[in-house]
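Chains, contacts and geometry: an overview
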Amino acid sequence: MDNTDTYLLNFEGYYLVRFTANTDLLKNLDDFEIRDNDVFIVTYPKSGTVWAQQILSSIYFEGHRNRTEMVETLDRVPFLEYNLLIPLQIIYIYRNPKNILVSYFHFSNMMAGLQAAEDIEDFMKMFFDGKVTGSLWFDHIRGWYEHRHDFNILSMMYEEMKKDLRSSVLKISSFLERQLNEEDVEAVMKQATFQNTKFDPQENYEQILKHDLGRTDEGSFLCKGTIGDWKHHLTVEQNERFDRIFQRKMKDFPLKFIWDLNEE
Ligand SMILES: Nc1ncnc2c1ncn2[C@@H]1O[C@H](COP(=O)(O)OS(=O)(=O)O)[C@@H](OP(=O)(O)O)[C@H]1O
């Protein structure tokens, strides 16, 4: 059964969560005034949005870095499509789509506002049809890559952040022209470890999931925060099918992806 209209709101060809989308706000975005020092984080769902929100806010604000100011991640870095704020620096985070698929499958089954899937097979169909919030992953990554010279964009790969968090924090702070001393860098990194994000209720969206987004079970918003977990969830046949679709769609695409923890 196609439940697209129940869960997804199609705004100018792009799917948003119907439950939280605000069409009046979206229609007015073209007129919104941008400040020079505003910053965008751009991601396809399940690619590291919250992680990046957390790193940025602890680079910018001492009180977030040293935990003297307790503010929910969502209030520190609001979502443009669900709030009104537009920046000029853009940080695009991308992740290998097999891990996105698995992470998104678990998340969709946790949230009342997203269409649940019976199993990975069922979700794979929705994902490759682009019938999910964020629409088709292939369009998302291509769209951003094709416009990489039109904006001030820093592209970061989730897997590289995972392999070398220090270099990633330094790259982001340098892009934002924020000087951090060694102690600050350590504090940002401490905030951005997976263990911290997963278990700190201010970081892990617990309250928002509970009160605003209609969580349907007690599973965590964060699964394993790792590279290669898809291997435990996709069958050999599903993986081969994924590879065939990926090769067909991405054969001329120059960015490389890291599929495995041991890959360089
Ligand atoms: N600190 C840290 N380190 C490593 N990985 C992290 C971290 N914080 C979040 N994550 C992982 O990011 C995945 C969720 O992505 P998003 O935040 O983009 O999700 S959402 O679209 O905003 O719902 C989700 O991936 P999975 O664990 O594979 O589901 C999170 O665990």
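Residues numbered from 1 in each chain as written. Predicted model: local features only at pLDDT ≥ 70, side-chain atom pairs only at ≥ 80, totals over all residues. Heavy atoms only, no water.

**Remarks on the site of the ligand**
Stated precisely, the cut-off is as follows: Throughout this document, a residue counts as near a molecule or strand when at least one of its heavy atoms sits within 4 Å of that molecule or strand. The definition of a polar contact used here is a pair of N or O atoms within 3.5 Å, where within protein one atom must be able to donate a hydrogen and the other to accept one, and adjacent residues in sequence count solely through side-chain atom pairs. In these tables, accessible area is a Shrake-Rupley quantity obtained with a 1.4 Å probe, and a residue counts as shielded only by the protein chains included in the view. Here a strand is any run of E in DSSP of at least two residues, a helix any run of H or I of at least four, and the numbering for each starts at the N terminus. In this classification, the charged set is Asp, Glu, Lys and Arg, the nonpolar set is Ala, Val, Leu, Ile, Met, Phe, Trp, Tyr, Cys and Pro, and all remaining amino acids, among them Gly, are polar.
With respect to spatial proximity, 21 residues lie near the ligand, and among them Thr49, Ser103, Tyr158, Thr197 and Gly225 are the closest. Between Ser47 and the ligand, the recorded distance is 3.1 Å, taken from a backbone N or O atom to an oxygen atom. Between Val50 and the ligand, the recorded distance is 2.9 Å, taken from a backbone N or O atom to an oxygen atom. Protein burial of the ligand: of its 640 Å² of free accessible surface, 95% is covered by the chains. Secondary structure elements with two or more residues in the shell around the ligand: helix 3 (49-60), helix 6 (97-110), helix 9 (158-163) and helix 12 (194-199). In terms of residue count, helix 3 provides more of the shell around the ligand than any other element does, three residues in total. Along the lines of polarity and charge, the residues of the shell around the ligand split into ten nonpolar, seven polar and four charged.

**Describing helix 14 (residues 236-250)**
Stated formally: In this scheme, a helix's expected span is set at 1.5 Å multiplied by one less than its residue total. Relative accessibility thresholds used throughout: buried, under 20% of the residue-type maximum; exposed, over 50%; partly exposed, between the two (1.4 Å probe, protein chains only). Note that the arc is defined by the directions from the helix axis to the C-beta atoms.
When the terminal C-alpha atoms of helix 14 are compared, their 21 Å separation across 15 residues agrees well with the 21 Å that a helix rising 1.5 Å per residue should span. Turning to helix 14, its buried residues number three or more, namely Gln238, Asn239, Phe242, Ile245, Phe246 and Met250. Taken down its axis, helix 14 places every buried residue within 130° of arc, on the same side. Turned more than 90 degrees off the buried face of helix 14, the exposed positions are Val236, Arg244 and Arg248.

**A look at the packing of helix 3 against helix 10 (residues 165-175)**
Condition: Axis definition: a line fitted to C-alpha atoms, over the contacting stretch in the case of helices. Angles run 0 to 180 degrees between N-to-C directions. Note on angle classes: values under 35 degrees are labelled roughly parallel, values over 145 roughly antiparallel, values of 65 to 115 roughly perpendicular, and the remainder oblique. Should the near helix be turned anticlockwise from the far one by less than a right angle, the crossing is termed left-handed; should it be turned clockwise, right-handed. Throughout, a residue-residue contact means that at least one pair of heavy atoms, one from each residue, lies within 4.5 Å.
Running from N to C, helix 3 and helix 10 cross one another at 60°; their axes reach a closest spacing of 10 Å. The angle between helix 3 and helix 10 falls in the class oblique. Viewed along their axes, helix 3 and helix 10 form a crossing whose handedness is right-handed. From helix 3, Trp51, Ile55, Leu56 and Ile59 reach across to helix 10, where they touch Leu165, Val169, Ile172 and Ser173.

**Points about the sheet that holds strand 3 (residues 39-43)**
Definition in use: When DSSP finds two or more bridges between two strands, those strands count as paired.
Strand order across the open sheet formed by three strands is 3-4-5, with parallel pairing between neighbours. In this open sheet, the two strands that pair with only one neighbour each are strand 3 and strand 5 (152-157). Here the strands of the sheet are splayed against their neighbours by 20° on average, with no regard to which way each runs. Of the pairings in the sheet, the one linking strand 3 to strand 4 (residues 89-94) comprises five bridges and is parallel in character. Of the residues in strand 4, the one forming a bridge with Phe40 is Ile90. The strands that helix 10 touches are strand 4 and strand 5; relative to strand 5, the one it contacts most, it runs at about 175°.

**So, the packing of aromatic side chains**
Heads up, the rule is: Pairs were defined over the aromatic rings of Phe, Tyr and Trp, the Trp ring being its six-membered one, requiring ring centres within 6.5 Å. Orientation was assigned from the angle between planes: stacked under 30 degrees, edge-to-face over 60, tilted for the rest.
Scanning the model with the defined rule gives 22 aromatic pairs in all. Ring geometry for Tyr44 and Phe127: centres 6.1 Å apart, planes at 80°, overall edge-to-face. You can see Tyr44 sitting in the loop between strand 3 and helix 3 and its partner Phe127 sitting in helix 7 (residues 120-129), a full 83 residues away along the chain. Taking 5.6 Å as the distance between ring centres and 85° as the angle between the ring planes, the aromatic pair formed by Phe246 and Phe257 counts as edge-to-face.

**As for empty space enclosed by the protein**
Rule in force here: Grid spacing is 1 Å over the protein atoms alone, the probe is 1.4 Å, and a cavity is where that probe fits but cannot get out, while a pocket is an open set with protein on both sides within 12 Å along at least five of seven lines and lining residues have an atom within 4 Å of a point. Grid points are joined across faces, edges and corners, and a volume is the space filled by probe spheres set on the points.
For the structure on display, the rule yields one cavity of 30 Å³ or more. The space that makes up the largest cavity amounts to roughly 70 Å³. Lining the largest cavity are Tyr7, Leu8, Tyr104, Ser108, Leu114, Gln115, Phe123, Met126, Lys131, Val132 and Thr133. Of the residues in the lining of the largest cavity, the class split is seven nonpolar, three polar and one charged.

**Quick look at helix 7**
Residues of helix 7 that are buried: Ile120, Phe123, Met124, Met126, Phe127 and Phe128. Lining the buried residues of helix 7 we find helix 6, helix 8 (137-146) and helix 14. Positive backbone phi, approximately 70°, marks Gly130, located one or two places after helix 7.

**A short note on the confidence of the model for the protein**
Put simply, the rule reads: pLDDT gives the predictor's per-residue confidence on a scale running from 0 to 100.
Mean pLDDT over the protein works out to 85, with 82% of the residues at or above the 70 mark. Note on the complex model: pTM 0.79, ipTM 0.96.

**What to know about the nonpolar core**
The nonpolar side chains of soluble globular proteins are, as a tendency, buried together. Selection rule: Working definition of a nonpolar core: buried Ala, Val, Leu, Ile, Met, Phe, Trp, Tyr and Cys residues. They are joined through side-chain atoms within 4.5 Å.
Counting 41 residues, the largest nonpolar core has Phe123, Phe127, Trp137 and Phe257 as its most contacted members. Contributing elements (two or more residues each) for this core: strand 3, strand 4, helix 6, helix 7, helix 8, strand 5 and helix 14. In terms of residues, this core owes the most to one element, helix 6, which gives seven residues. Once you skip the residues sitting within four places of it in the chain, Phe127 turns out to touch Tyr44, Pro97, Ile100, Leu101, Val132, Leu136, Trp137 and Phe242. Among the nonpolar cores identified, the runner-up in size contains 22 residues, and Ile41, Ile59, Met161 and Leu180 belong to it.

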